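Remarks on the overall topology
Here is how the chains run, residue by residue.
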Amino acid sequence: KQEVTQIPAALSVPEGENLVLNCSFTDSAIYNLQWFRQDPGKGLTSLLLIQSSQREQTSGRLNASLDKSSGRSTLYIAASQPGDSATYLCAKRRAAGNKLTFGGGTRVLVKP
Amino acid sequence: DAGVIQSPRHEVTEMGQEVTLRCKPISGHDYLFWYRQTMMRGLELLIYFNNNVPIDDSGMPEDRFSAKMPNASFSTLKIQPSEPRDSAVYFCASTSWGATEAFFGQGTRLTVV
């Protein structure tokens, strides 16, 4: 069973709409959770990092929340733009010196 | 810092050949990770190091894969002999112990024909 899950796998929205991306995890042990963006054929760009002691983190139009009790993190992107089209991945770290475990990603298309 | 640097960016090789991928982590980071990304399986951890010592290599597919980290600023992932099913994008990432982000290189796209 996947430890980190992202549903849906793909999402299409019109420009200006708010994006809500979901990440759920089965193992309640969490040290931090990181959201990444990946453009086609490119590497991963870090967007936000939430520590287990935090409820949310914000950077510009991006806001990420963490609910440990339900095993969920949500990435909100306000007023989406065509340039936000990319794949968004979440990755969970179980302990301080531990590996990142990735979800399968959500591929986002923002239509002009 | 220039970030995590991987080379080469693209590699095309024939089945049976040896392939070596290289990674330079961010200076001061003491964790280094090798991931493989495919359409079918997404991002999979192959191996990671702490202070140049391999900590978890359970993701290494088989004995054809090996990784080394001779010093804090350099790591290699070697495939010998390579097979077409090894075709994927291989990413290197680094981070520090504690509450810090992990940073990824641009990846090496490997094609084995």
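Report on the accompanying structure. Since the model is a prediction, treat every value here as computed from it, not as a measurement. (Residues numbered from 1 in each chain as written. Chains lettered and ligands numbered in written order. Predicted model: local features only at pLDDT ≥ 70, side-chain atom pairs only at ≥ 80, totals over all residues. Heavy atoms only, no water.)

Re the sheet that holds strand 8 (residues 74–79) of chain B
All names here are of chain B. With antiparallel pairing, the four strands of this open sheet are ordered in space as 1-3-8-7. Bordering the open sheet on either side are strand 1 (5–7) and strand 7 (65–71), each of which pairs with just one other strand. Within the sheet, the average angular offset between the axes of one strand and its neighbour, ignoring direction, is 15 degrees. Of the strand pairs in this sheet, strand 7 and strand 8 are connected by five bridges, and their pairing is antiparallel. Residue Phe65 lies in a different strand from strand 8, and its bridge partner there is Ile79. (Pairing = 2+ DSSP bridges. Helix = DSSP H or I, 4+ residues; strand = E, 2+ residues; numbered from the N terminus. Axes fitted to C-alpha atoms, helices over the stretch in contact; angles between N-to-C directions.)

A look at the interface of chain B and chain A
The accessible area lost on association of the parts is a frequent measure of interface size. If you look at the interface, chain B gives 21 residues, while chain A gives 20 residues. For the pairing of chain B and chain A, the buried interface totals around 1700 Å² over both sides, and the portion due to carbon and sulfur atoms is 53%. Inspection of the chain B/chain A interface yields zero salt bridges. On the surface where chain B and chain A come into contact, there are four residue pairs in polar contact (both at pLDDT 80 or more). Counting only elements with at least two residues in the side of chain B that touches chain A, the list comes to strand 4 (31–38), strand 5 (42–50) and strand 9 (88–95) of chain B. If you tally residues by element for the side of chain B that touches chain A, the top one is strand 4 of chain B, at four residues. (Contact = heavy atoms within 4.5 Å. Buried area = accessible area lost by both parts, 1.4 Å probe. Salt bridge = Lys/Arg side-chain N within 4 Å of Asp/Glu carboxyl O. Polar contact = N/O pair within 3.5 Å; in protein donor to acceptor, adjacent residues only side chain to side chain.)

Here we look at the sheet that holds strand 7 (residues 62–67) of chain A
Residue and element names in this part refer to chain A. Reading across from one edge, 1-3-8-7-6 is the order of the five strands in this open sheet, with antiparallel pairing throughout. Each edge of the sheet is formed by a strand with only one pairing partner; in this case those strands are strand 1 (4–5) and strand 6 (56–59). Here two bridges tie strand 1 to strand 3 (residues 19–25), and the two strands are oriented antiparallel to one another. The residue of strand 3 that forms the bridge with Val4 is Phe25.

Quick notes on the state of the cysteines
Residues and elements named next belong to chain A. Evaluation of the coordinates by the stated rule reveals two disulfides over all chains. Disulfide partner of Cys23: Cys90, at an S-S distance of 2.0 Å. Residues Cys23 and Cys90 are joined through a disulfide that is right-handed, its torsion about the S-S bond being 80 degrees. Placement of the pair is Cys23 in strand 3 and Cys90 in strand 9 (residues 86–93), with a sequence separation of 67 residues. Judged on exposure class, the residue Cys23 and its partner Cys90 are both buried. (Disulfide = S-S within 2.5 Å. Buried < 20%, exposed > 50% of the residue type's maximum accessible area, 1.4 Å probe, protein only.)

A word on the pairing of strand 5 of chain B
Residues and elements named next belong to chain B. Of all the nine residues making up strand 5, eight are buried; the element is thus mostly covered by neighbouring parts of the structure. Relative to strand 5, strand 4 runs antiparallel, the two being bridged by eight bridges. The residue of strand 5 that forms the bridge with Tyr35 is Leu45. In textbook terms, the turn of a hairpin is the stretch between consecutive antiparallel strands, and for strand 4 and strand 5 this stretch comprises three residues. Looking at chain direction, strand 5 and strand 6 (residues 53–56) are connected through three bridges and run antiparallel. The partner of Asn50 across the bridge, within strand 6, is Val53.

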